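Take a look at the letters that make up each chain.
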There are 2 protein chains.
Amino acid sequence: MRGILIDLDGVLYQGDEAIPGAAAVLEWLKESRIPQLFVTNTTSRPRRAICKKLASMGIEADEDRILTPVVAASCWLKRQVSGPAALFMPSATMEEFENIPQLPAHQESGAAAVVLGDLGEGWDFPRLNRAFRLLMDSPQPPLIALGMTRYWRAEDGLRLDVAPFVKALEHAAACEAIVLGKPSKAFFQEALKMLGVDAEDTIMIGDDICGDVKGAQDAGLRGILVRTGKFLPSDLDGSTHPDAVLESISDLPAWWEQNSP
Amino acid sequence: MRGILIDLDGVLYQGDEAIPGAAAVLEWLKESRIPQLFVTNTTSRPRRAICKKLASMGIEADEDRILTPVVAASCWLKRQVSGPAALFMPSATMEEFENIPQLPAHQESGAAAVVLGDLGEGWDFPRLNRAFRLLMDSPQPPLIALGMTRYWRAEDGLRLDVAPFVKALEHAAACEAIVLGKPSKAFFQEALKMLGVDAEDTIMIGDDICGDVKGAQDAGLRGILVRTGKFLPSDLDGSTHPDAVLESISDLPAWWEQNSP
């Protein structure tokens, strides 16, 4: 094993508190010069804000060591398309797209790609219909989905996230979105490109049996589950078998030493 | 054969003109006392307006002999649920739901059914999210879709129809809609109930190889295709084989006499 992908929420911290030992593990990673990347499905905050949150809990992380669906989309666009992209996403994360040429708002054709994030209250018929018309262009531009979360729990109740709008557009325009976000293979491949390590030499450590472990294994990595965060004992009864199960991330160095040649 | 379902647009008329001989065929049907029902996917107009359009072209039709997805939904609700329904549909067809108890607007739980029509510009995040929250109730109310049209061509370009919003809610709330509209089986079953004739004794005549012919055949009826309306010669090259192909509806009486015992 040569590289590590690390989930954030539930692995390094829980709520507003660091998981005991998390900071020491990151120290060890740095000293051991093991290529590492923090991989999260957060689409509501730019890397700058994520680093700030980590720092407030005593965890040091470099911005360029964090991969979010937004960052993955930005990298994907830079590499794969040359024309302007149509971005449907909240302003909070627009700073990650600074260097991406963008289609003028209201223009209804000529997008080199259509990128969908969790716009929430920003969705209305004209906006969704604009995304649809852009996708009906010939040739059809790719549809990029920033994750496939169905809904989330806001203070006033459940709220639709990005996935329902992706499904609406996929059906209307008869296309299939490229999903950038765990557990999608495309997202893990983007992570491996940033890490510079092959899938078979990389582990993913997370608290989500599906998003982290199954997603990683499907992409050819090894998947390690921690018993912190959203972990439930029943996670181990399903068809996904983690390559290892650790009490918490603080057990990672010992496991690594044992399992590394 | 004892009963007939007849598509409207493309079978009885094309644009604003009656198909030659259509009125005479309807006369013949009446005189022969063959149970008949006009079956259309139109959701933008109530039966009253459809009768008016037919009359302007010299075609007589009774309101209670017309089945639209809106009417099918109203019948379905009357029969299947007892509580109030949440209706997401344009005001033009709301008159068809006169006798259906309705959930007060803005109420986000307690719907006995959630009915989705082509709201068009009426869709915004709060409205779609309300439909979602209603569907996340326990027990989950059924989701009724007034057809599954993906989009239509408006004067200013393509516009999302009802299906993308159905797909969004199905995915978000992990449910499957009951589709009332051709080619869905549930819609044809509703038509047979109104007609009072069994599937195997009924024919459907239409100009849509999928919506009319395949839908009918899948529901156990015989499907007859006419070479008017949206008919294309290539319709006959696919995997659906109509039970008969007629030049137009005016050939129906002769075909019926030959094929009826």
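Residues numbered from 1 in each chain as written. Chains lettered and ligands numbered in written order. Predicted model: local features only at pLDDT ≥ 70, side-chain atom pairs only at ≥ 80, totals over all residues. Heavy atoms only, no water.

**Student:** Sorry if this is basic, but what is going on with the nonpolar core here?
**Tutor:** Nonpolar side chains tend toward joint burial in soluble globular proteins. In this structure, Leu116 of chain A together with Leu116 of chain B are the most contacted members of the largest nonpolar core, which totals 53 residues. For Leu116 of chain A, the contacting residues outside a window of four places in its chain are Phe88, Trp123, Leu143, Ile144, Ala145, Leu146, Val162, Phe165, Val166 and Leu169 of chain A. (Core = buried A, V, L, I, M, F, W, Y, C linked by side-chain atoms within 4.5 Å. Buried < 20%, exposed > 50% of the residue type's maximum accessible area, 1.4 Å probe, protein only. Contact = heavy atoms within 4.5 Å.)

**Student:** Before we go on, may I ask you to explain a negative patch on the surface in this structure?
**Tutor:** Taken together, the side chains of Glu27, Glu31, Glu60, Asp62, Glu63 and Asp64 of chain A define an acidic patch exposed on the protein surface. Among the structural elements, Glu60 of chain A can be located in the loop between helix H2 (47–56) and strand S5 (66–67). (Patch = residues over 30% accessible without salt bridge, like charges linked within 9 Å, V, L, I, M, F, W, Y side chains within 5 Å. Areas by Shrake-Rupley, 256 points an atom, 1.4 Å probe, with all protein chains shown as cover. Salt bridge = Lys/Arg side-chain N within 4 Å of Asp/Glu carboxyl O. Lys, Arg positive; Asp, Glu negative; His and termini not counted. Charge placed at Lys NZ, Arg CZ, Asp CG, Glu CD. Helix = DSSP H or I, 4+ residues; strand = E, 2+ residues; numbered from the N terminus.)

**Student:** Where do I start with the sheet that holds strand S7 (residues 113–116) of chain B in this structure?
**Tutor:** Strand-to-strand pairing in sheets goes through backbone hydrogen bonds, with the strands running parallel or antiparallel. All names here are of chain B. With respect to topology, four strands assemble into an open sheet ordered S6-S7-S8-S11, the strand pairing being parallel. Looking along the sheet, the strands with just one partner apiece sit at the ends: strand S6 (85–88) and strand S11 (178–179). Pairing of S7 with strand S8 (residues 143–145), which is carried by three bridges, proceeds in the parallel orientation. Pairing of Val115 across the sheet is with Ile144, part of S8. Packed on one face of the sheet, helix H3 (residues 69–80) meets S6, S7, S8 and S11 and runs near 175° to S7. (Pairing = 2+ DSSP bridges. Axes fitted to C-alpha atoms, helices over the stretch in contact; angles between N-to-C directions.)

**Student:** Mind showing me how you'd approach the sheet that holds strand S14 (residues 244–246) of chain B here?
**Tutor:** Residue and element names in this part refer to chain B. An order of S5-S4-S1-S12-S13-S14 is seen for the six strands of this open sheet, with the pairing classed as parallel. Edge positions in the sheet fall to strand S5 (66–67) and S14, since each of these pairs with one other strand and no more. The sheet contact formed by strand S13 (residues 222–226) and S14 spans three bridges and is parallel. Its bridge partner lying in S14, Leu225 is registered against Val245.

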